[in-house]
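The lines below spell out each chain.
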Amino acid sequence: MSDGVEGNEERRRTGDAAGPEPQGVPEPRPGEPEPAAQPEPAPLVKAGTAGRTEARAGAKTDEPATGEADDAAPDAPPDSTDTPDDPEAPDEAGDGLRYERLPDAPPPILDGVRARPPAPPGLATLVAAAVTALLSGLLLGDGLAVNALILALPLAAAAWFAARQAGRRPRRSSLCWGAGGLALLAVPVWSDAEWPTLLAVLAAAGLGALALHGCRKWSGVLLAPLGPVLAVRRALVWGWRGARERTAGGEKDLGPLLRSVLVAVVLLVVFGGLFAAADRAFADLLGSLVPDVDGGSGVPWRLFLAVLGLAAALAVAHTAAAPTRWDGLGPGPGRPRGRVEWALPLVLLDLLFAAFVAVQAAVLLRGEDVVRASNGLTYSEYAREGFWQLLFATVLTLAVISVAVRVAPRSGPRDLLLVRAVLGTLGLLTLVVVASAVRRMDLYMGEYGLTRLRLSVVAMELWLGAVVLLILAAGVFGARLLPRAVLASAAVAVLAFGLASPDKLIAESNLDAHRDGRTLDLRYLAGLSADAVPALDRLDEPLRSCALRSIAVPDAPWYATSLSQARAHDILTARPVRHHPCRDLLTDDISPSVR
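For clarity, every value in this text was computed on a predicted model and none was experimentally measured. (Residues numbered from 1 in each chain as written. Predicted model: local features only at pLDDT ≥ 70, side-chain atom pairs only at ≥ 80, totals over all residues. Heavy atoms only, no water.)

Trainee: I'm lost on the packing of aromatic side chains in this one. Help?
Mentor: The description of two aromatic rings rests on the distance between their centres and on the angle between their planes. Following the criterion strictly, the structure yields 3 aromatic pairs and no others. With a centroid separation of 5.4 Å and an interplanar angle of 75 degrees, the aromatic rings of Trp195 and Phe497 are classed as edge-to-face. Within this pair, whereas Trp195 is found in helix α6 (residues 194-213), its partner Phe497 is found in helix α18 (residues 482-499), the two being separated by 302 residues in sequence. Since its relative accessible area comes to 15%, Phe497 is described here as buried. For the ring pair Trp301 and Phe304, a centre distance of 5.6 Å and an interplane angle of 25 degrees mean the geometry is stacked. (Phe/Tyr/Trp six-rings, centres within 6.5 Å; stacked < 30°, edge-to-face > 60°. Helix = DSSP H or I, 4+ residues; strand = E, 2+ residues; numbered from the N terminus. Buried < 20%, exposed > 50% of the residue type's maximum accessible area, 1.4 Å probe, protein only.)

Listed below in structure tokens is the structure:
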């Protein structure tokens, strides 16, 4: 009997060990990590169409353990039937509605390329941003000159300090892009013309964005300027957190520094006012150095500029600390095509280009008599007629080359040789088309003189020729540096264009044409900037005063006065413009366009 009892106890222990495991998540053992939380299921919504994943609302959860059919529906088919449910049929046991699970929302497009949020900014970054805001409120609003270069310095300092705090070491290429951006800001220091200044400021912003991101691919080069713009909202919150931490006490408290700056400002204002009241010469010196806050558009405009400068500084610093990796958004290589499919259209295009180049060589090189005999046009009319078409053809050729490179065959050395031969021939013929377009515009400008539009499109065509040369070089040496090389060539072109003083070149060209007996359009020359004043000053009266009558040189502060404005101010002060200078020119046979 004792054996039976022991046998029962043994069977009880064995049954307990073989019993089902308790449901639920077991507690972790000491030293083991916590189990990961299970993701919440996707929400259920009402189904609108058939053929989609559906789930019953109010479906039964307690099935019979034996797998038998429910007694309430004896005639129902067995559960093993594989017939699918009708998506339009309502659920008899539920609320009569069909439901489906929504797919998970795709992640935002920038989540894969955006860096982690950086730590709150340090003291040096906040001080640089505050200096930028102060200088923006004081120096902007009266024009762009050396003040643009002054504002760029604290902006660069804020980016430097933020990057160092985040543990980022600038690359050599980033330093070169930053130096190029500062060099472009020399254009508003030198020139008074608004259109080269605008190009230079935009190009400087683009180079600065590239220096912050360090991009190398086409997607990064093109999208990098969006980085600081998209980071403005996050940068303001980031800056507020940093300022709140620095004002909460502790070792890095900003309180002592702010109090010190406030005391210094009060002392300078009090004693500066006393010294200015005591001596007129010191008052004039102080007035020329200190910006006139009450002048111009008033204090509200200055405050707006200060807030704008603060937002720009924080956005630049935030981008430097956590840049978006725009290179990750670039498209991959296209599907390679077969040799015949790829080469046939391009070879035919090469033949078309070759035929056009042959005609151009026969017409443009043999002189004006051939042009008159074949078209009945003068040399200048023939040149003007086809320039814009050739400019568009050059741009379109660059687009064709970019697409052809993506889908080019690349299965072996023969394919590489084929691609180089076909695209290299197209590139060389495109250079001839560029030369033809430039030659046409040169003939036209020789007849009618320079204007801003003519000079701009010639410069654009020359830059496109440089891009074609870079593409040809990339076909030989590799395309790894091509995006940055194209951007660098654009920056160099903008810098050279701005420092050449286009308005001065236009005025000198028209004066040379006037000496040869051609028409001098005084109405157009009067609309140029102060860059043209030294050239127009060589005209005789009353032509000189008539040409200079509308060129205004504002009495701007030193930080908003370019070197061209200062030079024009000295010339017009030494030789003032006459009153009503064009009245003597407006006779019956003489108009403001004087021969």
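Trainee: How do you make sense of the pattern of salt bridges when you look at a structure like this?
Mentor: Close approach of charged atoms lets side chains of opposite charge pair. The tally for this structure, following the rule as stated, stands at 10 salt bridges. Taking the shortest distance from any N to any O, the salt bridge between Asp537 and Arg575 comes out at 3.4 Å. Residue Asp537 is located in the loop between α21 (533-536) and α22 (543-548), and its partner Arg575 is located in the loop between α23 (563-574) and β5 (593-594); the two are separated by 38 residues in the primary sequence. Assessed through its relative accessible area of 16%, Asp537 is described here as buried. Judged by relative accessible area, Arg575 falls into the partly exposed class, the value being 38%. Shared partners join several salt bridges into a network, and the residues in it are Asp537, Glu541, Arg544, Arg575 and Arg578. (Salt bridge = Lys/Arg side-chain N within 4 Å of Asp/Glu carboxyl O.)

Trainee: Looking at this structure, how should I read the nonpolar core?
Mentor: A general trend in soluble globular proteins is that nonpolar side chains are found buried together. Within the largest apolar cluster, 50 residues are counted, with the highest numbers of intra-cluster contacts made by Met441, Leu522, Val533, Leu536 and Leu539. Every residue in contact with Val533, bar those within four places of it in the chain, is listed here: Leu548, Ile551, Ala568, Ile571 and Leu572. Ala148, Ala211, Ala224 and Val494 belong to the second-largest nonpolar core, a separate cluster that totals 19 residues. (Core = buried A, V, L, I, M, F, W, Y, C linked by side-chain atoms within 4.5 Å. Contact = heavy atoms within 4.5 Å.)

Trainee: Whenever I open this one, α6 confuses me. Can you help?
Mentor: Given 3.6 residues per turn, any residue in an α-helix points the same way as the ones three and four places further on. With 20 residues, α6 extends 29 Å from end C-alpha to end C-alpha; this agrees with the ideal 28 Å at 1.5 Å per step. Phi turns positive one or two residues past the end of α6, at Gly214, with a value near 70 degrees. (Expected span 1.5 Å × (residues − 1).)

Trainee: Can you walk me through the side chain of Ser501 in this structure?
Mentor: With respect to the helices, strands and loops of the structure, Ser501 is situated in the loop between α18 and α19 (502-515). A polar contact of 3.1 Å, which involves the side chain of Ser501, links it to the side chain of Trp190. (Polar contact = N/O pair within 3.5 Å; in protein donor to acceptor, adjacent residues only side chain to side chain.)

Trainee: What is the right way to look at the environment of Val400 in this model?
Mentor: Relative to the assigned elements, Val400 resides in helix α15 (residues 379-406). For the pair formed by Val400 and Leu346, sequence separation is 54 residues and the distance between their alpha carbons is 9.0 Å. Those residues in contact with Val400 that sit more than four places away from it in its chain are Leu346 and Leu349.

Trainee: Just to check I follow, could you spell out a positive patch on the surface for this structure?
Mentor: Taken together, the side chains of Arg171, Arg216, Arg325 and Arg480 define a basic patch exposed on the protein surface. Of the residues examined, Arg480 reaches a relative accessible area of 61% and is grouped as exposed. (Patch = residues over 30% accessible without salt bridge, like charges linked within 9 Å, V, L, I, M, F, W, Y side chains within 5 Å. Areas by Shrake-Rupley, 256 points an atom, 1.4 Å probe, with all protein chains shown as cover. Lys, Arg positive; Asp, Glu negative; His and termini not counted. Charge placed at Lys NZ, Arg CZ, Asp CG, Glu CD.)

Trainee: When you look at the packing of helix α3 (residues 146-165) against helix α12 (residues 299-321) in this model, what are you seeing that I'm missing?
Mentor: Contact geometry of α3 with α12 gives a least axis separation of 8 Å together with a crossing angle of 35 degrees. In the packing of α3 onto α12, the handedness of the crossing is right-handed. Seen from α3, the contacting residues are Leu155, Ala158, Ala159, Ala162 and Ala163; seen from α12, they are Ala312, Ala313, Val316, Ala317, Ala320 and Ala321. For the contact of α3 with α12, the per-class residue count stands at 11 nonpolar, no polar and no charged. (Axes fitted to C-alpha atoms, helices over the stretch in contact; angles between N-to-C directions. Left-handed = near helix turned anticlockwise from the far one by under 90°. Nonpolar A, V, L, I, M, F, W, Y, C, P; charged D, E, K, R; others polar.)

Trainee: Would you explain a nonpolar patch on the surface in this entry?
Mentor: On the surface, Leu262, Val263, Val266, Leu267, Val270, Phe271, Leu274, Phe275, Phe282 and Leu285 cluster together into a nonpolar patch covering about 940 Å² of accessible area. Of all elements in the fold, only α10 (255-278) and α11 (280-289) reach the threshold of two or more residues within the nonpolar patch. At 8 residues, α10 tops the list of elements feeding residues into the nonpolar patch. Relative to the assigned elements, Leu285 resides in helix α11.

Trainee: Teacher, can you tell me more about the packing of helix α17 (residues 452-477) against α18 here?
Mentor: Helices that pack against each other are described as a pair by the angle of their axes relative to one another and the distance between those axes. Contact geometry of α17 with α18 gives a least axis separation of 10 Å together with a crossing angle of 155 degrees. By the angle class used here, α17 and α18 are roughly antiparallel. Crossing of α17 against α18: the hand is right-handed. Contact with α17, carried on its side by Leu455, Ser456, Ala459, Trp463, Val467, Leu470, Ile471 and Ala474, involves Leu482, Ala485, Val486, Ser489, Ala490, Ala493 and Phe497 of α18 and no other residues of that element. (Parallel < 35°, antiparallel > 145°, perpendicular 65-115°, else oblique.)

Trainee: Explain α18 to me, please; I cannot follow it from the model alone.
Mentor: The terminal C-alpha atoms of α18 lie 26 Å apart, and with 18 residues this matches the ideal 26 Å at 1.5 Å per residue to within 8%. Leu482, Pro483, Arg484, Val486, Ser489, Ala491, Val494, Phe497 and Gly498 are the residues of α18 that are buried. In this structure, the buried side of α18 is in contact with α4 (172-184), α5 (186-190), α6, α7 (218-223), α17 and α19. Among the residues trailing α18, Ser501 stands out with phi positive, at a value near 55 degrees.

Trainee: Please clarify how the side chain of Arg484 should be interpreted in this entry.
Mentor: Mapped onto the fold, Arg484 is located in helix α18. An unpaired buried charge is present at Arg484: no salt bridge exists, and Asp327, the closest side chain of opposite charge, is 8.0 Å distant. Among all residues touching Arg484, those that are not within four sequence positions of it are Ser173, Trp177, Cys215 and Arg216.

Trainee: Explanation requested: the environment of Gly332 in the structure shown.
Mentor: Mapped onto the secondary structure, Gly332 falls in the loop between α12 and α13 (339-364). The partly exposed category is assigned to Gly332, whose relative accessible area is 39%. Along the sequence, Gly332 and Arg406 sit 74 residues apart, while their C-alpha atoms lie 8.7 Å from each other.

Trainee: Is there a simple way to think about the confidence of the model for the protein chain in this case?
Mentor: In regions of low pLDDT, the predicted coordinates are not meant to be interpreted in detail. Overall, the predicted model of the protein chain reaches an average pLDDT of 76, with 71% of residues at or above 70. For residues 1-6, every residue scores under 50 in pLDDT, and the model assigns this stretch 0 contacts once sequence neighbours within four places are set aside. Long-range and interchain partners of residues 14-39, a stretch whose pLDDT sits below 50, account for 4 contacts in this model, where long-range means more than four residues apart. (pLDDT = per-residue confidence, 0-100.)

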